[in-house]
Amino acid sequence: MGLFKRKDSKNSIQSDKDEQDSFATVNSARTSNASLRSPGYKGSGLPASIPELPISRPPDPALDPAAYLRSIHAVRERSRIIFDKAKKNKLNHFDVDMSKFKATASYIVSIIKRDYAPDYASIPPHGRWQHFDVGGRPRVNQLLQSWPSTIDAQERTRRLIDLFVISVLLDAGAGTKWSYKSKESGKIYSRSEGLAVATLEMFKSGLFSSDPTEPCQVDGAGLKKVTVEILARGMQHSEHNQLAGLEGRAGLLMRLSEALNNQEFFGVDARPGNMLDYLLSHPSTLASSVPIVPITTLWTVLMDGFASIWPPSRTQVDGVSIGDAWVCSTMPNSPPAQPWESIVPFHKLTQWLCYSIMLPMAKLMNIHIAGSDLLTGLPEYRNGGLLIDMGLLVLKDADLQRGIAAYKQNAQIKGQPNVEVVPLFSTDDDVVVEWRAATVGFLDDLLMEVNNQLGLRGEEQLTLAQMLEAGSWKGGREIAEVSRPNTKEPPIMIRSDGTVF
């Protein structure tokens, strides 16, 4: 298909499904060469099983290390090397107290039971959708209902992909002082939920669209008009309401406008949502009782299609930008190790995109993403902060003192945090890279322990995406609020440029 133009069908959309509907991921071992079978879409009423679909192996790192490091397979495989050292308490920057592992799982279980027991199947997968519904208002469903019935399911899905892509890319840490007052409800929201509501209201206003007759879309021409000043107004940024990394976010959108010129992925009208047409027409997509798209096909669209949006300072191998990947001293660094072997990839935003856009594709068009268990837990400060606040990871004293000194120096800058002192590091600091890699590994093992403590077996077991949503991410936020009530910040602060966290 390749060169296509979106065409609206006259068919009516199927009745809206409840926002708790969930796509299913695979609970089998997460191996990079597995042929993965799904137990079905939890709660969607679809067939109990779907055909097996082989998932392609990762590129050979000996032949093409850059391609390997950019693959989804590499995230878990590379992080596992550091996690194995963590379990032996051989990390460079953290002491690991494995006696706190079960207590950490128990804390996650307590939150899941509090909010969902006994109906664990109703837990939605982790994704941006839930952030839009902050305050109990189903904003995405309301958005869907506001569109004419002549807008078919495929175009509705394109529009939600447009919205979710732009929202995820703007979903870096907002900082402690920023909040957003909804123009629709007058209520005030902060952090990820505030960014979600702000993005949704900008989207509905047509800020990202070049077509005045269709405000609810994102396209390359529309993004070209979004300057730092326009984004600042949309986000209600001011001297007294500062959004961290504003320039980085605006730069990301400007580069996205250029990336959308890839007509193979994004069509002649340069919309993120047009990746739906590419995926459905791809040779790897299996036309079964439901459309089955391999996770590796979706991953290629996101990694290759958005490769140019990342700043040029990111890690490179053989002249190829790897994206969210960093050198870590904990990795093998002695002969005969190759230079690429010191790099740990995370691709957090790409994974956050995957988790987020899979849901509207599943809910509106019954699309199944095969092999989605290759996605990992997100290595960000809520999941990672939980491990530190529970005492499972303890920052070593030399790094603690270095981080505290950096915090105090940063606190001298106007508008920067200056209460509840915690260590501060930059994104590429070895401490942060090791922390993130250990987080990926611990989340995998915590999922097994959480299911064990909940007594869930077989197809009843929570998926990683469900545990992230109902337990670890939420738990990391809640324990931060208790541990540091004035700022609610994580136990380690990251000097963010607005493009990673």
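Structure report, in brief. (Residues numbered from 1 in each chain as written. Predicted model: local features only at pLDDT ≥ 70, side-chain atom pairs only at ≥ 80, totals over all residues. Heavy atoms only, no water.)

On to the overall build of the chain, then. In terms of regular secondary structure, the chain is built from 18 helices and 15 strands. Put simply, the chain has 501 residues, and 60% of those count as buried. For the chain, the proportion of contacts with a sequence separation of at least 24, taken over those separated by at least 6, is 73%. Of the roughly 18800 Å² that the chain leaves accessible, carbon and sulfur atoms contribute 52%. (Helix = DSSP H or I, 4+ residues; strand = E, 2+ residues; numbered from the N terminus. Buried < 20%, exposed > 50% of the residue type's maximum accessible area, 1.4 Å probe, protein only. Contact = heavy atoms within 4.5 Å. Areas by Shrake-Rupley, 256 points an atom, 1.4 Å probe, with all protein chains shown as cover.)

With 17 residues, helix α6 (residues 153-169) should cover 24 Å at 1.5 Å per step; its first-to-last C-alpha distance of 24 Å lies within 8% of that length. For α6, a buried count of 16 out of 17 residues is recorded, marking the element as mostly surrounded by other parts of the structure. (Expected span 1.5 Å × (residues − 1).)

Moving on to the sheet that holds strand β6 (residues 286-287). Read across the sheet, three strands follow the order β6-β7-β12 without closing on themselves; strand pairing throughout is mixed. The strands lining the two open edges of the sheet, one partner per strand, are β6 and β12 (368-370). Inspection of the sheet shows strand β7 (residues 291-294) paired to β12 by three bridges, in the parallel sense. Bridge pairing in β12 places Ile-292 opposite His-368. Across the sheet, helix α13 (residues 295-305) lies against β7 and β12, angled at about 60° from β7, the strand it touches most. (Pairing = 2+ DSSP bridges. Axes fitted to C-alpha atoms, helices over the stretch in contact; angles between N-to-C directions.)

The next point concerns the packing of aromatic side chains. What the rule picks out here adds up to nine aromatic pairs. Look at Phe-265 and Phe-266: their rings are 6.0 Å apart centre to centre, the planes differ by 75°, and that puts the pair in the edge-to-face class. Exposure remark for Phe-265: the relative accessible area of 6% places this residue in the buried category. For Phe-266, a relative accessible area of 0% puts it in the buried group. (Phe/Tyr/Trp six-rings, centres within 6.5 Å; stacked < 30°, edge-to-face > 60°.)

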